[in-house]
Amino acid sequence: MESVIEIQHLSKSFGNHEVLTDIDFSVQKGEVVCVIGSSGSGKSTLLRCINLLEKPSGGKIIYRGENILDDRHDIHSYRKKLGMVFQQFNLFNNHNVLNNCVVGQVKVLKRSKEEAEKTALKYLKVVGMDQYVNAKPKQLSGGQKQRVAIARALSMEPDVMLFDEPTSALDPEMVGEVLKVMKELAGTGLTMLIVTHEMEFAKEVSDRVVFMDKGVIAEEGAPEQIFNNPKEERTKEFLKRTLK
Ligand SMILES: Nc1ncnc2c1ncn2[C@@H]1O[C@H](COP(=O)(O)OP(=O)(O)OP(=O)(O)O)[C@@H](O)[C@H]1O
Ligand SMILES: [Mg+2]
């Protein structure tokens, strides 16, 4: 198997508060990994360290064989390879749907406008938003906005997509349409690392589930194992609390 990202002994502190301790795990090419765990367990911080929105305090992030935390490493070329979808969409409100998916391609990837538009349309179709190219974000529902945000990230044709609770800011009736798109993406062989509170989704879609507790990976394994036969007491307790 080929690791896309391999995390070794990663730690992160804010002042004296260590929020990630000795994190080791990897994401293989084509794998869908869901990260679950209580609020405050460090899930977002882990994703933010992986895409360097936060600077890790220690450890290594190996991407395609190189530690990207090495001073000499070209961080920009690494970050181009990561697609990120946030809870709060973060669309450009002054741009229409198509442009939201075009600007990054032109600016960062130096694609021509024509090529960028063609690529954007391809991915807007994937998420079922190609009918809305001229709409502004404020005219869209939350679920539609999040689908555009996914298309925007996909338009950069990243090696791996990171999702941080992409459905937690949505009205309940809109969660399904976003999860459906993500399920379809998972079926295409896209490499995905997903922080989620949607346990049914995690069970159904992931190849592997990582359970975080108080800044450490308490347990990881196949979804059937984690959900049906957890080994650790704290996994059992978390699932008991969450699933009922
Ligand atoms: N910028 C920051 N400065 C100081 N502390 C922070 C910062 N960001 C996160 N923390 C702390 O790190 C810990 C982990 O937070 P994090 O947001 O990673 O948790 P989480 O698992 O994503 O939680 P949730 O499920 O609520 O999103 C928390 O105690 C939080 O208060
Ligand atoms: Mg979080």
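Residues numbered from 1 in each chain as written. Chains lettered and ligands numbered in written order. Predicted model: local features only at pLDDT ≥ 70, side-chain atom pairs only at ≥ 80, totals over all residues. Heavy atoms only, no water.

Heads up, the condition is: UniProt positions are given in the numbering used here, feature names are shortened, and annotations may be inferred rather than shown by experiment.
In the nomenclature of an unreviewed UniProt entry, the chain is known as Amino acid ABC transporter ATP-binding protein (PAAT family) of Psychrobacillus insolitus. Quoted verbatim from the Subcellular location (unreviewed entry) field of the UniProt record, the comment on the chain reads "Cell membrane". Entered under Sequence similarities (unreviewed entry) in the UniProt record, the comment concerning the chain runs "Belongs to the ABC transporter superfamily."

## A few points about the pairing of strand β10 (residues 216–221)
Put simply, the test is: DSSP-based pairing: two strands are paired if at least 2 bridges between them are found. The secondary structure listing takes helices from DSSP runs of H or I that are at least 4 residues long and strands from runs of E that are at least 2 residues long, numbered from the N terminus.
Of the pairings in the sheet, the one linking strand β9 (residues 208–213) to β10 comprises five bridges and is antiparallel in character. Its bridge partner being in β10, Val209 is matched across the sheet by Gly221. If you look at the hairpin formed by β9 and β10, you'll find two residues sitting between the two strands, and Lys214 has a positive phi there, around 45 degrees.

## Re the pattern of salt bridges
The condition is simple: What makes a salt bridge here is a side-chain nitrogen of Lys or Arg within 4 Å of a carboxyl oxygen of Asp or Glu, nothing more.
Enumeration according to the criterion identifies 16 salt bridges in this entry. The residue Arg208 makes a salt bridge to Glu31 at a minimum N-O spacing of 2.9 Å. Here Arg208 is found in strand β9, whereas its partner Glu31 is found in the loop between β2 (17–28) and β3 (32–37), with 177 residues between them in sequence. Where Lys180 meets Glu184, a salt bridge forms, and the shortest distance between an N and an O atom there is 3.4 Å.

## Details of the sheet that holds β2
Sheet strands line up and pair through hydrogen bonds in the backbone, either parallel or antiparallel. Taken in spatial order, the four strands make up an open sheet running β2-β1-β4-β5, and their pairing is antiparallel. In this open sheet, the two edge strands, each paired with only one partner strand, are β2 and β5 (66–67). Direction of pairing for strand β1 (residues 3–14) relative to strand β4 (residues 58–63): antiparallel, over a ladder of five bridges. Among the inter-strand pairings, Glu6 is bridged to a residue of β4, identified as Ile62.

## Some words on the nonpolar core
The following threshold applies: Note on terminology: a nonpolar core comprises buried Ala, Val, Leu, Ile, Met, Phe, Trp, Tyr and Cys residues joined through side-chain atoms within 4.5 Å. Remark: exposure states derive from per-residue accessible area (1.4 Å probe, protein chains only) relative to the maximum for the residue type, with buried under 20%, exposed over 50%, and partly exposed in between. For this analysis, residues touch if any pair of their heavy atoms sits within 4.5 Å.
The biggest cluster of nonpolar side chains holds 50 residues, and the ones touching the most others in it are Ile36, Leu124, Ile150, Met161, Met182 and Met192. Considering each element in turn, this core owes the most residues, eight residues, to helix α6 (residues 172–187). Residue contacts for Leu124: discarding those within four places in its chain leaves Val97, Leu98, Cys101, Met129, Asp130, Val133, Val148 and Ala151.

## Here we look at the UniProt feature "domain: ABC transporter" (unreviewed entry) in the chain
Per the UniProt record, "domain: ABC transporter" (unreviewed entry) is annotated on residues 5–239. End C-alpha atoms of residues 5–239 are separated by 27 Å, and the span's content is 38% helix alongside 26% strand.

## Looking at the packing of aromatic side chains
Under the convention used in this document: Pairing of aromatic side chains requires ring centres within 6.5 Å, counting the rings of Phe and Tyr and the six-membered ring of Trp. Pairs whose planes differ by under 30 degrees are stacked, by over 60 edge-to-face, and all others tilted.
Scanning the model with the defined rule gives two aromatic pairs in all. Arranged with centres 5.0 Å apart and planes meeting at 35 degrees, the rings of Phe211 and Phe238 form a pair that is tilted. One end of the pair, Phe211, is in strand β9; the other, Phe238, is in helix α9 (residues 233–242), with 27 residues separating them in the sequence. For the pair formed by Phe211 and Phe238, the shared burial category is buried.

## Digging into the site of ligand 1
Counted only if it meets this: What makes a residue near a molecule or strand is one non-hydrogen atom of that residue sitting within 4 Å of it. Residues adjacent in sequence count toward polar contacts only when both atoms are side-chain atoms; beyond that, a polar contact is any pair of N or O atoms within 3.5 Å, and within protein one must be able to donate a hydrogen and the other to accept it. Gly is placed with the polar residues, together with every amino acid not listed as nonpolar (Ala, Val, Leu, Ile, Met, Phe, Trp, Tyr, Cys and Pro) or charged (Asp, Glu, Lys and Arg).
Neighbouring ligand 1 are 13 residues, the closest being Ser39, Gly40, Lys43, Ser44 and Thr45. Between ligand 1 and Ser39 there is a distance of 2.6 Å, counted from an oxygen atom to a side-chain nitrogen or oxygen. In this structure, an oxygen atom belonging to ligand 1 sits 3.3 Å away from a main-chain N or O atom of Ser41. Ranked by residue count, the leading element in the shell around ligand 1 is helix α1 (residues 43–50), at three residues. Of the residues contributing to the shell around ligand 1, the split by class is two nonpolar, nine polar and two charged.

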